[in-house]
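# Report on the structure
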Amino acid sequence: MDADHAGHKLNCRQASRLLSLACERPLDESERQALRRHLDACLMCRNFESQLEFLRTAARRLADAP
Amino acid sequence: MSMTPVQDPRFAEIEEHRAYLVRYAIAQLRDEQLAEEAVQECLLAALEGIAGFRGQSALRTWLTSILRFKIADLQRRTIAERAREDVGEQAAANEDEDWIDQQFDETGHWRSPPQAWSNPEAALEQRRFWQVFEKCLGRLPAAAGRVFFKREVLGEDTGDICGAEGITAGNCWVMLHRSRIALRECLQVHWFGGGVADGR
């Protein structure tokens, strides 16, 4: 369904996929550039990006909660 | 085997970790009933052995190490039954894919846009936050919840998780993506949305 993102503008659905994918593997150069262009213009996806980081921190902390 | 010593004061302390331990066991065993069984055996063993617990590690860490032995026992007994579940995993991944699509409108914009969370790190210090976090984890679909738990809580490698679950990397990743979006929304509503942090 997703168009190849190289050279295209991403929408939020595509950008969020890349943000989640980045938790699994390093993005390649074209993915990174497309994502960067989207994030520069999209506060919502920047919020999603920092929330993914927070989820990871919280989840790791859960394993050795006091 | 002794009866469950409910009157032991340490019982309440150990019991507080039950929800986490059940989730841990479900992630490994993929079966709620077996998971309950493993946790039950773990808690009994813990009560019998608590005198040997010196507290250098967190109680949760110690309990988890006991649980791992119980899980390994049960896995040896049930290994033949695992293959039959793999068909269901594909269906689960398809459903997750549909769910993700529904979180965006036809132009690919967020239907409930992520708002900024103020000082999220502070939440980690609050007991009530962890109850909300557990509750949000519990609302994930079974397969996605297991995959998320292994990936983000236990820090396992995605490839290992897919192998153990018998699913493709793509499906595994879809489940993780759904879990992240769903957890984000759940925390937004039940914690960061405002008005909840100090009350209840």
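Attention shifts here to the confidence of the model for chain B. Residues and elements named next belong to chain B. Averaged over all residues, the pLDDT of chain B is 85; the fraction at 70 or higher stands at 87%. At the level of individual helices and strands, chain B shows its lowest average pLDDT in helix α1 (residues 9–15), which scores 80, and its highest in helix α9 (residues 169–192), which scores 94. Scored below 50 in pLDDT, residues 195–200 makes six contacts in the model with residues more than four places away or belonging to other chains. Scored as a complex, the prediction yields pTM 0.77 and ipTM 0.89.

Before going further, it helps to spend a moment on helix α6 (residues 127–138) of chain B. With twelve residues, α6 of chain B should reach 16 Å at 1.5 Å per residue; the first-to-last C-alpha distance of 17 Å fits that figure. Residues of α6 of chain B that are buried include every one of F129, W130, V132, F133, E134, C136 and L137 of chain B, and no others.

Moving on to the environment of R127 of chain B. Residue and element names in this part refer to chain B. As for its placement among the helices and strands, R127 is situated in helix α6. For R127, a relative accessible area of 57% puts it in the exposed group. At 2.6 Å, the side chain of R127 and the side chain of E16 are in polar contact.

Before going further, it helps to spend a moment on the interface of chain B and chain A. Taken residue by residue, the interface counts 42 residues in chain B and 28 residues in chain A. Taking both partners together, chain B and chain A bury about 3,200 Å²; carbon and sulfur atoms supply 63% of that area. Broken down residue by residue, the surface that chain B buries against chain A is led by W110, W173 and R180 of chain B, which jointly contribute 19%. Our count for the contact surface shared by chain B and chain A stands at seven salt bridges. A salt bridge links E24 of chain A to R180 of chain B, with the nearest nitrogen and oxygen atoms 2.5 Å apart. One can count 17 residue pairs in polar contact (both at pLDDT 80 or more) joining chain B with chain A. The element contributing the most residues to the side of chain B that touches chain A is α9 of chain B, with ten residues. In terms of residue class, the side of chain B that touches chain A is made up of 22 nonpolar, ten polar and ten charged.

Conventions and cut-offs
Residues numbered from 1 in each chain as written. Chains lettered and ligands numbered in written order. Predicted model: local features only at pLDDT ≥ 70, side-chain atom pairs only at ≥ 80, totals over all residues. Heavy atoms only, no water. pLDDT = per-residue confidence, 0-100. Helix = DSSP H or I, 4+ residues; strand = E, 2+ residues; numbered from the N terminus. Contact = heavy atoms within 4.5 Å. Expected span 1.5 Å × (residues − 1). Buried < 20%, exposed > 50% of the residue type's maximum accessible area, 1.4 Å probe, protein only. Polar contact = N/O pair within 3.5 Å; in protein donor to acceptor, adjacent residues only side chain to side chain. Buried area = accessible area lost by both parts, 1.4 Å probe. Salt bridge = Lys/Arg side-chain N within 4 Å of Asp/Glu carboxyl O. Nonpolar A, V, L, I, M, F, W, Y, C, P; charged D, E, K, R; others polar.

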